[in-house]
Amino acid sequence: ALSLFWALNRPSGARKLVDMVMVFAASLALAGLAEQQDAGQRRRFAMALALGTVAGLILLGEETALGFPLYRLVMGSDNPKLQDLLLSKRSVDAAPLLVWPAALAFERLGRPLFGIVLAILFAIASFKLTAASSTLAMVVSFAILAIAWPRGALAGRLLSIGTVAAFALIIPGAILAYDHLGDHALQVGALDKQHRFSGGHRLEIWHFAAEKSLDRPLFGHGINSSRFVPNDGAVSAFQPPDKPVMTLHPHDGFLQIWVELGLVGVVLVASLLMAMLGTVRAWQPRSARFVYASYAAAAVIAGLAFGVWQTWWMATLGFTVVACVFLGERAHDA
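So, here is what we can say about the structure in this document.

About the thresholds
Residues numbered from 1 in each chain as written. Predicted model: local features only at pLDDT ≥ 70, side-chain atom pairs only at ≥ 80, totals over all residues. Heavy atoms only, no water. Helix = DSSP H or I, 4+ residues; strand = E, 2+ residues; numbered from the N terminus. Buried < 20%, exposed > 50% of the residue type's maximum accessible area, 1.4 Å probe, protein only. Areas by Shrake-Rupley, 256 points an atom, 1.4 Å probe, with all protein chains shown as cover. Expected span 1.5 Å × (residues − 1). Polar contact = N/O pair within 3.5 Å; in protein donor to acceptor, adjacent residues only side chain to side chain. Axes fitted to C-alpha atoms, helices over the stretch in contact; angles between N-to-C directions. Parallel < 35°, antiparallel > 145°, perpendicular 65-115°, else oblique. Left-handed = near helix turned anticlockwise from the far one by under 90°. Contact = heavy atoms within 4.5 Å. Nonpolar A, V, L, I, M, F, W, Y, C, P; charged D, E, K, R; others polar. Phe/Tyr/Trp six-rings, centres within 6.5 Å; stacked < 30°, edge-to-face > 60°.

Concerning the overall build of the protein
In terms of helices and strands, the protein carries twelve helices and zero strands. What you see in the protein, going N to C, is helices and strands ordered as α-α-α-α-α-α-α-α-α-α-α-α. Per-residue burial for the protein yields a buried fraction of 47% across its 334 residues. On the protein, roughly 16400 Å² of surface is accessible, and the fraction owed to carbon and sulfur atoms is 69%.

Quick look at the environment of Ala-146
Within the element layout of this structure, Ala-146 appears in helix 7 (residues 132-148). The spacing of Ala-146 and Arg-289 is 143 residues in sequence and 8.6 Å in space, taken between C-alpha atoms.

Let's talk about helix 2 (residues 39-66)
The end-to-end C-alpha separation of helix 2 is 40 Å, in line with the 40 Å expected for 28 residues at 1.5 Å each. Every buried residue of helix 2 is accounted for by Arg-42, Ala-46, Leu-49, Ala-50, Thr-53, Leu-57, Leu-60, Glu-63 and Thr-64. Capping the start of helix 2 is the job of one residue whose side-chain oxygen sits 3.1 Å from the backbone nitrogen of Gly-40: Asp-38. Gly-67, located one to two residues past helix 2, shows a positive phi value of around 85°.

Thoughts on helix 10 (residues 253-280)
When the terminal C-alpha atoms of helix 10 are compared, their 22 Å separation across 28 residues is substantially less than the 40 Å that a helix rising 1.5 Å per residue should span. A side-chain oxygen of the first residue of helix 10 lies 3.0 Å from the backbone nitrogen of Phe-254; this N-cap is Asp-252.

Quick look at the packing of helix 2 against helix 12 (residues 311-327)
When two helices pack together, you describe them by how their axes are tilted relative to each other and by the distance separating the axes. Between helix 2 and helix 12, the shortest axis-to-axis distance is 9 Å and the interhelical angle comes to 135°. In terms of axis orientation, helix 2 runs oblique to helix 12. Seen from above, helix 2 lies across helix 12 with left-handed handedness. For the pair helix 2 and helix 12, the contacting residues are Arg-42, Phe-45, Ala-46 and Leu-49 in the first and Phe-319, Ala-323, Val-325, Phe-326 and Leu-327 in the second. Looking at the contact of helix 2 with helix 12 residue by residue, the class counts come to eight nonpolar, no polar and one charged.

Looking at the packing of aromatic side chains
A full pass over the atoms with the stated rule returns ten aromatic pairs. Measuring from ring centre to ring centre gives 5.9 Å for Trp-312 and Trp-313, while their planes differ by 65°; the resulting arrangement is edge-to-face. Given the relative accessible area of 24%, Trp-312 is considered partly exposed. Given the relative accessible area of 1%, Trp-313 is considered buried.

Everything listed is a geometric property; what it means functionally is a separate question.
Now the structure itself:
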């Protein structure tokens, strides 16, 4: 909120701040209800989440495989959101944040194997879907789950280290990656149009955002200012002529915090995430391992895909946290 004083576009920042407050307040209110639920209510919540997730994934698979027939029936076949499978990309990227709470729900229902099978099936299906970030998120989250199964405390420490490292290394990493791979990406892009518009452009955006974050390293450019950062006449080498390098956001949540809120914002957000992980360490291992996997999936997607303040994305993250709070077993629940 304080960053509104130096934000590049205060009205835009103020509107986004309202969205953030609403999502955050709603998430806190719902999470607070968890402490008031008895075992029967938690079990009914687990059943609803588990069955709803299975139904949602079946619907996603049907729509993606058959070209969104139900969506076309309701919204029309000429809807612009059907272009480039944007709807599928968002849905597939949101799914890992639902799969792991659903696995936790199956654990709560005494069927942990069902949750693992569900996660495996989605991970396999993600290879055929449109979001590579979702596939990577599932691979990383399975690795964390494998570590957390016998040693939950180690998984929590690794996630803490990884979070701090992501914030600390994203700026030099983005600059060095483009300096060493940018020319190669251009050469590949000349032969592969899809690669040109995805991987190469992403490297270019990260490089640009990293350099811009160094202009105001302490307090950043202000909340929701990524889309208003001056391009200084720079145009994208991977997009149509005269298109700016970064038009919306850096496509990396860690980097976006640096650009908009600077070092102070990084410390605040990292502290919040460390506090969340510290809380989960006190939970029963059978619950904590699924929460750690969910955190890993969210961190990967946040680092590769969407703007961190997109309202639907914040709401997805908030729902994931609420679901884990409702279903997680604390040490005193044993």
